[in-house]
Amino acid sequence: MDDKPVIELFIKVSPIGREDKGPCPISQQWFMVFYLLAEKKIVNLFVTTVNPDLPPEAYQALDVGKRLPVARVIKGRDLKGTDLENLVCDTNDEIEQLMDVWRCPALALPKESPEEAAAERCFADLYTGLNIFLKSGVDTKLRTSLFKINSYLAERPDVQYLIGQELSYADCQLMPKLHHARIAAKAYRNYDIPSPDLRFLQQYMERMYKTAAFVDSCPADRDIVQHYFDKLDPPSRQHLPVKPSLMRATCTLSLDDINPEIAGRK
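Residues numbered from 1 in each chain as written. Predicted model: local features only at pLDDT ≥ 70, side-chain atom pairs only at ≥ 80, totals over all residues. Heavy atoms only, no water.

### Some details on the nonpolar core
Piece 1. Counting 68 residues, the largest nonpolar core has Phe34, Leu162, Leu178 and Tyr204 as the members making the most contacts within it.
Piece 2. For this core, the leading source of residues is helix α7 (residues 169-189), giving twelve residues.
Piece 3. Core analysis: the second largest hydrophobic core is formed by six residues, Phe10, Val50, Leu62 and Val70 among them. (Core = buried A, V, L, I, M, F, W, Y, C linked by side-chain atoms within 4.5 Å. Buried < 20%, exposed > 50% of the residue type's maximum accessible area, 1.4 Å probe, protein only. Helix = DSSP H or I, 4+ residues; strand = E, 2+ residues; numbered from the N terminus.)

### Some thoughts on the pairing of strand β1 (residues 6-12)
Piece 1. The buried fraction of β1 is high, at six of seven residues.
Piece 2. Taken together, the five bridges between β1 and strand β3 (residues 70-75) define a ladder with antiparallel strand orientation. Bridging across to β3, Ile7 finds its partner in Val73. (Pairing = 2+ DSSP bridges.)

### Things to note about the packing of α7 against helix α10 (residues 221-231)
For any two helices packed against each other, the geometry comes down to the angle between their axes and how far apart the axes lie.
Piece 1. Packing of α7 against α10 brings their axes to within 9 Å, and their N-to-C directions diverge by 70 degrees. By the angle class used here, α7 and α10 are roughly perpendicular. Here α7 contributes His179, His180, Ile183, Ala184, Ala187 and Tyr188 to the contact with α10, which in turn contributes Asp221, Ile224, Val225, Gln226, His227, Tyr228 and Phe229.
Piece 2. Broken down by class, the residue content of the contact of α7 with α10 amounts to eight nonpolar, four polar and one charged. (Axes fitted to C-alpha atoms, helices over the stretch in contact; angles between N-to-C directions. Parallel < 35°, antiparallel > 145°, perpendicular 65-115°, else oblique. Contact = heavy atoms within 4.5 Å. Nonpolar A, V, L, I, M, F, W, Y, C, P; charged D, E, K, R; others polar.)

### Some details on the packing of aromatic side chains
Piece 1. Summed over all chains, the structure comprises seven aromatic pairs.
Piece 2. Ring geometry for Phe31 and Tyr35: centres 6.5 Å apart, planes at 50 degrees, overall tilted. Within this pair, Phe31 and its partner Tyr35 are both found in helix α1 (residues 25-39), separated by four residues, close to a single helical turn. No difference in accessibility class separates Phe31 from Tyr35, as the two residues are buried.
Piece 3. Chaining the aromatic ring pairs together yields one cluster made of Trp30, Phe34 and Tyr169.
Piece 4. When the ring centre of Tyr152 is taken as origin, the NZ or CZ atom of Arg156, which lies over that ring, is 3.6 Å away.
Piece 5. The residue whose ring lies beneath Arg237 is Phe229, and the NZ or CZ to ring-centre distance is 4.2 Å. (Phe/Tyr/Trp six-rings, centres within 6.5 Å; stacked < 30°, edge-to-face > 60°. Lys NZ or Arg CZ within 6 Å of the ring centre and 35° of its normal.)

### Re the domain arrangement of the protein chain
Piece 1. You can read the domains of the protein chain as domain 1 (6-107) and domain 2 (114-246).
Piece 2. Contacts between the two partners involve 25 residues from domain 1, matched on the other side by 24 residues from domain 2.
Piece 3. Both sides together, the interface formed by domain 1 and domain 2 hides about 2100 Å², and carbon and sulfur atoms give 64% of it.
Piece 4. Sorting the residues of domain 1 by area buried against domain 2 places Pro23, Gln28 and Met32 first, and these three jointly supply 30% of that buried surface.
Piece 5. Along the contact surface separating domain 1 from domain 2 lie one salt bridge.
Piece 6. Put simply, Glu166 and Lys40 hold a salt bridge, and the shortest N to O gap is 2.5 Å.
Piece 7. Where domain 1 touches domain 2, the interface holds eight residue pairs in polar contact (both at pLDDT 80 or more).
Piece 8. The set of elements that each furnish at least two residues to the side of domain 1 that touches domain 2 consists of α1 and α3 (92-100).
Piece 9. Of all the elements, α1 adds the most residues to the side of domain 1 that touches domain 2, at eleven residues.
Piece 10. Across the side of domain 1 that touches domain 2, the residue classes tally to 14 nonpolar, six polar and five charged. (Domains from an automatic or database assignment. Buried area = accessible area lost by both parts, 1.4 Å probe. Salt bridge = Lys/Arg side-chain N within 4 Å of Asp/Glu carboxyl O. Polar contact = N/O pair within 3.5 Å; in protein donor to acceptor, adjacent residues only side chain to side chain.)

In structure tokens:
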């Protein structure tokens, strides 16, 4: 009998597809984390998409307002044997505490791993830089963050990912934000991420685009584009140099599709 803990992860649904994964990078982060735990046969995972305005009964029963993502332990125990059945985690800190229950070395938290803490520092300003760029067209903070990540990766040429040869918690945090930056910056500012002079970042993204945890958790490009349109105020929208279409529901998982020069093709 399979006695692994069973986790249900509730994430926001696509505003367009209505059954697809939504474009929240934090939801994708946790989808990736629990996906990796399931890959390692530490837990069994179910993922439920939620429309907060028409939530399923299982989500309503959690009594968490409209907060997402939310993780619920359907059944399971921690390493000390404590029963976790029906434990509900509806904040980032609480989900981190839940992840910490199973002590997976590859997914160590910053408090336990100096390497994890250093990796997280290298991309701390990425998401802020993206939002500033989309609203104002000023790319200084975004470029600084991208080059900082590239430099961090350049100092570790012998590893596949941020910390080692396995995906870490830092990778699960960084890659959804990088993918959002790439799709949104191209859609609204015709800006390519990574640019040809960010070679180590390019190589890292290509490797991440081949991981099952990222591919299976990735929202459609269309939903990412809509996500940032909703965040932009009307004056910012009026001055956008590009008016992207939301008709294509593609999920772009190769740098070749965006910038042939970056991929080394002429």
